[in-house]
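Coordinate analysis (summary)
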Amino acid sequence: MFCRNDLCTRGRVVWVNGSYAGIAFDAKLEPAEVLRHIPAPRPKIQPRYWRPGLTQRNMNDDQRRLAESWVWSPSSMSRLGE
C-alpha cells in the first residue's frame, strides 16, 4: 500500500536494484498528484567570473597616469607574464 497524505493506492514491487525499487500500482497515478507536495527545484546560481578592465574610458586622468607609469617602469618589465 502506497500512501502519501490523502493519496492511497495498492501496488507491488516489480524490480529491485540495490536500495532502489520500482512499484507497479493497481491504479494509474497522475504525476502532478504524486509530486504535488514536493517543492519545485530552485534554479542554480551560476557564478560570474570576470576580470576588471584596464581601459582608458573607465579611468580618470590620475588613474591613467599611474597605469602608464607602472607599465613603462623598468621593474614592470621583469614581471611580464606573471
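Residues numbered from 1 in each chain as written. Predicted model: local features only at pLDDT ≥ 70, side-chain atom pairs only at ≥ 80, totals over all residues. Heavy atoms only, no water.

Describing a nonpolar patch on the surface
Taken together, the side chains of V13, V16 and I23 make up a nonpolar region of the molecular surface, amounting to roughly 290 Å² of accessible area. Assignment of secondary structure puts V16 in strand 3 (residues 11–17). For V16, a relative accessible area of 59% translates into the label exposed. (Patch = residues over 30% accessible without salt bridge, like charges linked within 9 Å, V, L, I, M, F, W, Y side chains within 5 Å. Areas by Shrake-Rupley, 256 points an atom, 1.4 Å probe, with all protein chains shown as cover. Salt bridge = Lys/Arg side-chain N within 4 Å of Asp/Glu carboxyl O. Helix = DSSP H or I, 4+ residues; strand = E, 2+ residues; numbered from the N terminus. Buried < 20%, exposed > 50% of the residue type's maximum accessible area, 1.4 Å probe, protein only.)

Points about the state of the cysteines
All chains considered together, the criterion is met by 1 disulfide. Across the disulfide, C3 is cross-linked to C8 (sulfur-sulfur distance 2.4 Å). One quick way to see it: the torsion about the S-S bond of C3 and C8 is about 125°, and its sign makes the bridge right-handed. (Disulfide = S-S within 2.5 Å.)

A few points about the pairing of strand 3
For strand 3, the tally of buried residues reaches only 0 of 7 residues, placing the bulk of the element at the surface. Both strand 3 and strand 4 (residues 20–25) contribute to a ladder of 6 bridges, which runs antiparallel. Bridged to W15 within strand 4 is G22. Between the antiparallel neighbours strand 3 and strand 4 lie 2 residues, among them G18 with a positive phi of about 65°. (Pairing = 2+ DSSP bridges.)

Observations concerning the pattern of salt bridges
All told, the structure shown has 3 salt bridges when counted by the stated rule. Residues R65 and D62 are paired through a salt bridge, measuring 2.7 Å at the closest nitrogen-oxygen approach. Here the residue R65 and the residue D62 both occupy positions in helix 2 (residues 61–72), the gap between them amounting to 3 residues, near one helical turn. By the burial criterion, R65 is exposed, and D62 matches it.

Digging into the confidence of the model for the protein
In the predicted model, the protein carries a mean pLDDT of 79, and the fraction of residues at 70 or more is 80%. Highest mean pLDDT in the protein belongs to strand 3 (94); lowest belongs to helix 3 (residues 74–77) (60). (pLDDT = per-residue confidence, 0-100.)

Here's the deal with the side chain of T9
Structurally, T9 can be placed in strand 2 (residues 7–9). Leaving out residues up to four positions away in the same chain, T9 has contacts with M1, F2, F25, A27 and L29. (Contact = heavy atoms within 4.5 Å.)

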